[in-house]
Amino acid sequence: MNATLQTWLAEQIQSLKDQHLYKKPRILDTPASGSVVMDGKNVVNLSSNNYLGLANHPKVRQAAMDALEKWGVGAGAVRWIGGTMRVHEELEERLAKFKHVEAVLVFTSGFTANSGCIPAVMTSDDVIISDELNHASIIDGVRLSAAEYRKSEGWVYAHNDMNQLEEILKRAGKFKKRMIVTDGVFSMDGDIAPLPEIVQLAEKYDALVMVDDAHASGVLGKNGAGTTSHFDLYGRVDIQLGTLSKALGVVGGYIAGSALLKEWLVNRGRPYLFSTALPPVTAAALIAALDIMETDPEPMRKLWENARWWKSELAKLGFDTMGSETPITPVYCGDEEKAVKLEKMLWDEGVYALSICYPTVPKGKARIRTMPSAAHTKEELARALDAFAKCGKTLGIIGEHATA
Ligand SMILES: *Cc1c(COP(=O)(O)O)cnc(C)c1O
């Protein structure tokens, strides 16, 4: 072992611990659900993106088992070299119909869909204009592109600030292509991008729009088709990213758009070109998950019923949920130490919910991020609420002497 490396690693890790940024995953011994056994303890899980409870749905499991018999476990190759099975094609056709677009290209994750698509589409003649709160995978995709994008050069706008976006667009005329890229639902705050305004500005200044609907898929729009559907903007969003890992309950990501866009990404999307295709079992499970989303309104209804109940009960107790409009529910703590303490106390009460601190979110805006879902029973959420009430009072986040 190289001693310089080992010393450097130890120092860096200590620094993460000092900043409350150190991560150590807890281990699940049960499938994804509202209640789980984690590190040997029974807890209500409020940190899962399994919005619709599809991750362990009987019909999705059955489809995966049937596909296992038919296709085996691996695709055997990168898609274009010989790893494209009929089931991959079928998944893409189904997704394209679901999204009301000409074509969909599936990647092995939402992360690689972003990091593959953005640099393939945006080149050194172009500029990328980003919301400051965009997801890490958008940021990485943008950094891999040869386009202009830097915040220091004024190409990043304050969160959802449409006046600033317009100012930036006015300066961007000299580029061949201008792309506005935004989360559809912001993953830390749970608010929704003002897509109608963004699309209007894009049309006015001849820019293209890319929306990352990772947290909107299965949550917003008709049958969970995302923000484009939610705002009735069909045909006006050039590139939609969806994830298959969150509400759809399995894993993978996709780019939805024109047939030409797909054709280009098949030829120039690097994660598509150089990384092995999704296992066929995964593709088949996803088709079954889509079947449920398109035919059974119950999971989405329950998701929203639980989310509304959870938010309104937290508000009644005096918690600040930071203007969230979706199931993603941040519980404001302010101070980093307080958020970390609340996480620990909740765990002791049998509730798993993670604290989110600077620099993932701005300094002094630390919070506990909670994700109610269709997988939760009312009883589980009520138990979690009691724990929040008790711990929130102890820490002075709510109650007479609240300081948060
Ligand atoms: C989770 C997430 C992704 C990544 O999706 P994966 O399928 O988990 O790789 C991309 N964008 C946003 C906004 C996300 O929240």
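Residues numbered from 1 in each chain as written. Predicted model: local features only at pLDDT ≥ 70, side-chain atom pairs only at ≥ 80, totals over all residues. Heavy atoms only, no water.

Enquirer: Sorry, what's going on with the packing of helix α12 (residues 298–317) against helix α14 (residues 378–394) here?
Expert: Relative placement of two packed helices is described by the angle separating their axes and the distance separating the axes. Here α12 crosses α14 at 20 degrees, and the two axes come no closer than 11 Å. In terms of axis orientation, α12 runs roughly parallel to α14. Here the hand of the crossing between α12 and α14 comes out right-handed. Contacts from E305, N306, W309, W310, E313, L314 and L317 of α12 reach α14 at K378, L381, A382, A384, L385, F388 and A389. (Axes fitted to C-alpha atoms, helices over the stretch in contact; angles between N-to-C directions. Helix = DSSP H or I, 4+ residues; strand = E, 2+ residues; numbered from the N terminus. Parallel < 35°, antiparallel > 145°, perpendicular 65-115°, else oblique. Left-handed = near helix turned anticlockwise from the far one by under 90°. Contact = heavy atoms within 4.5 Å.)

Enquirer: How should the pairing of strand β4 (residues 127–131) be read in this particular structure?
Expert: Note on strand geometry: in a regular strand, side chains alternate between the two faces of the sheet. Judged by how many residues are buried, β4 sits mostly within the fold: five of five residues are covered. Sheet topology places β4 next to strand β5 (residues 156–157); two bridges connect them, and they run parallel. Counterpart to S130 in the pairing with β5 is V156. In this fold, β4 hands off to helix α5 (residues 136–144), which returns the chain to β5; that crossover is right-handed. (Buried < 20%, exposed > 50% of the residue type's maximum accessible area, 1.4 Å probe, protein only. Pairing = 2+ DSSP bridges. Right-handed = clockwise from strand over helix to strand, strands pointing away.)

Enquirer: Would you take a moment to explain the site of the ligand for this structure?
Expert: Surrounding the ligand, one finds 14 residues, the nearest of these being G110, D212, T243, S245 and K246. Here H135 contributes a side-chain N or O atom positioned 3.3 Å from a nitrogen atom of the ligand. Compared with its free state, where it exposes 380 Å², the ligand has 87% of that area covered by protein. (Near = heavy atom within 4 Å. Polar contact = N/O pair within 3.5 Å; in protein donor to acceptor, adjacent residues only side chain to side chain. Areas by Shrake-Rupley, 256 points an atom, 1.4 Å probe, with all protein chains shown as cover.)

Enquirer: Teacher, can you tell me more about helix α7 (residues 195–204) here?
Expert: Along α7, the residues classified as buried are L195, I198, V199, L201 and A202. The buried residues of α7 all sit within an arc of 165 degrees when viewed along its axis, so they share a single face. Exposed side chains of α7 directed beyond 90 degrees from the buried face belong to Q200 and K204. For α7, the elements touching its buried residues are β5, α6 (162–171), β6 (178–183), β7 (208–212) and α8 (227–230). Note on α7: the residue one or two positions beyond its end, D206, has a positive phi of about 55 degrees. (Arc of directions from axis to C-beta.)

Enquirer: Would you mind showing me how to read the nonpolar core here?
Expert: For soluble globular proteins, the rule of thumb is that nonpolar side chains tend to be buried together. In this structure, Y51, L91, L95, V104, V106 and L244 are the most contacted members of the largest nonpolar core, which totals 44 residues. For this core, the secondary-structure elements that each account for two or more residues are α2 (58–71), α3 (86–99), β3 (103–107), β9 (253–257), α11 (280–295) and α12. The element contributing the most residues to this core is α11, with eleven residues. Lining this core are residues from two domains, each supplying at least three of them: domain 1 (58–295) and domain 2 (297–394). (Core = buried A, V, L, I, M, F, W, Y, C linked by side-chain atoms within 4.5 Å. Domains from an automatic or database assignment.)

Enquirer: Teacher, can you tell me more about the domain arrangement of the protein here?
Expert: Once the domains are mapped, the protein shows domain 1 (58–295) and domain 2 (297–394). Counting from both sides, the interface comprises 17 residues of domain 1 and, opposite them, 18 residues of domain 2. Summing both sides of the interface, domain 1 and domain 2 together bury roughly 1200 Å²; the carbon and sulfur share of this comes to 62%. Sorting the residues of domain 1 by area buried against domain 2 places M188, D189 and V219 first, and these three jointly supply 45% of that buried surface. Linking domain 1 to domain 2 there are one salt bridge. Linking domain 1 with domain 2 are seven residue pairs in polar contact (both at pLDDT 80 or more). (Buried area = accessible area lost by both parts, 1.4 Å probe. Salt bridge = Lys/Arg side-chain N within 4 Å of Asp/Glu carboxyl O.)

Enquirer: Sorry if this is basic, but what is going on with the packing of aromatic side chains here?
Expert: Where two aromatic rings form a pair, the distance of their centres and the angle of their planes describe that pair. This model, assessed by the stated rule, comprises five aromatic pairs. Ring plane angle 80 degrees and centroid distance 5.6 Å describe the contact between W310 and F388, whose orientation is recorded as edge-to-face. Of this pair, W310 sits in helix α12 while F388 is found in helix α14, placing the two residues 78 residues apart along the sequence. Residue W310 is classed as buried on the basis of its relative accessible area of 0%. Residue F388 is classed as buried on the basis of its relative accessible area of 0%. With a centroid separation of 6.0 Å and 80 degrees between ring planes, the pair formed by W347 and Y352 is classed as edge-to-face. By the burial criterion, W347 is buried, and Y352 matches it. Joined through ring pairs, the aromatic side chains of W310, F319 and F388 make up one cluster. A cation sits over an aromatic face here: K17 above Y22, 4.6 Å from the ring centre. (Phe/Tyr/Trp six-rings, centres within 6.5 Å; stacked < 30°, edge-to-face > 60°. Lys NZ or Arg CZ within 6 Å of the ring centre and 35° of its normal.)

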